[in-house]
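# Observations on the model geometry
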Amino acid sequence: MGQLKDTAKGLGNEIAGNAKQVAGKARNDPVQQAEGKAQEKKGELQQGIGKVKGALGDRI
């Protein structure tokens, strides 16, 4: 169950991060773009953790 939870949270963070980047670019706001990039990377990491949990059978 942890695999699905981490993967879903990661996907949500990745989508939100991408949206922040687009909004920051449209408003010429480099701070918002950087926040979006960081949130996107966080989402990618969460998805990776979910994949590892799936491969290990949620034993971690």
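Below, the structure is looked at part by part. All values reported here derive from a predicted model rather than from experimental measurement.

## Here we look at the packing of helix α1 (residues 2–26) against helix α2 (residues 30–56)
- Relative to each other, α1 and α2 sit at 165 degrees, their axes nearing to 7 Å. In terms of axis orientation, α1 runs roughly antiparallel to α2. As for the relative orientation of α1 and α2, their crossing is left-handed in sense.
- Looking at the contact of α1 with α2, its residues break down into four nonpolar, 18 polar and twelve charged.

## Here's the deal with the pattern of salt bridges
- Counted according to the given criterion, the structure contains four salt bridges.
- With a shortest N-O distance of 2.7 Å, Asp6 and Lys53 are connected by a salt bridge. Here Asp6 is found in helix α1, whereas its partner Lys53 is found in helix α2, with 47 residues between them in sequence.
- With a relative accessible area of 15%, Asp6 lands in the buried category.
- Here Lys53 falls in the buried class, since its relative accessible area comes to 19%.
- The salt bridge involving Lys41 is made with Glu44; its shortest N-O contact spans 3.4 Å. Here the residue Lys41 and the residue Glu44 both occupy positions in helix α2, the gap between them amounting to three residues, near one helical turn.
- Note on Glu44: relative accessible area 31%, which makes it partly exposed.

Parameters at a glance
- Residues numbered from 1 in each chain as written.
- Predicted model: local features only at pLDDT ≥ 70, side-chain atom pairs only at ≥ 80, totals over all residues.
- Heavy atoms only, no water.
- Axes fitted to C-alpha atoms, helices over the stretch in contact; angles between N-to-C directions.
- Helix = DSSP H or I, 4+ residues; strand = E, 2+ residues; numbered from the N terminus.
- Parallel < 35°, antiparallel > 145°, perpendicular 65-115°, else oblique.
- Left-handed = near helix turned anticlockwise from the far one by under 90°.
- Nonpolar A, V, L, I, M, F, W, Y, C, P; charged D, E, K, R; others polar.
- Salt bridge = Lys/Arg side-chain N within 4 Å of Asp/Glu carboxyl O.
- Buried < 20%, exposed > 50% of the residue type's maximum accessible area, 1.4 Å probe, protein only.

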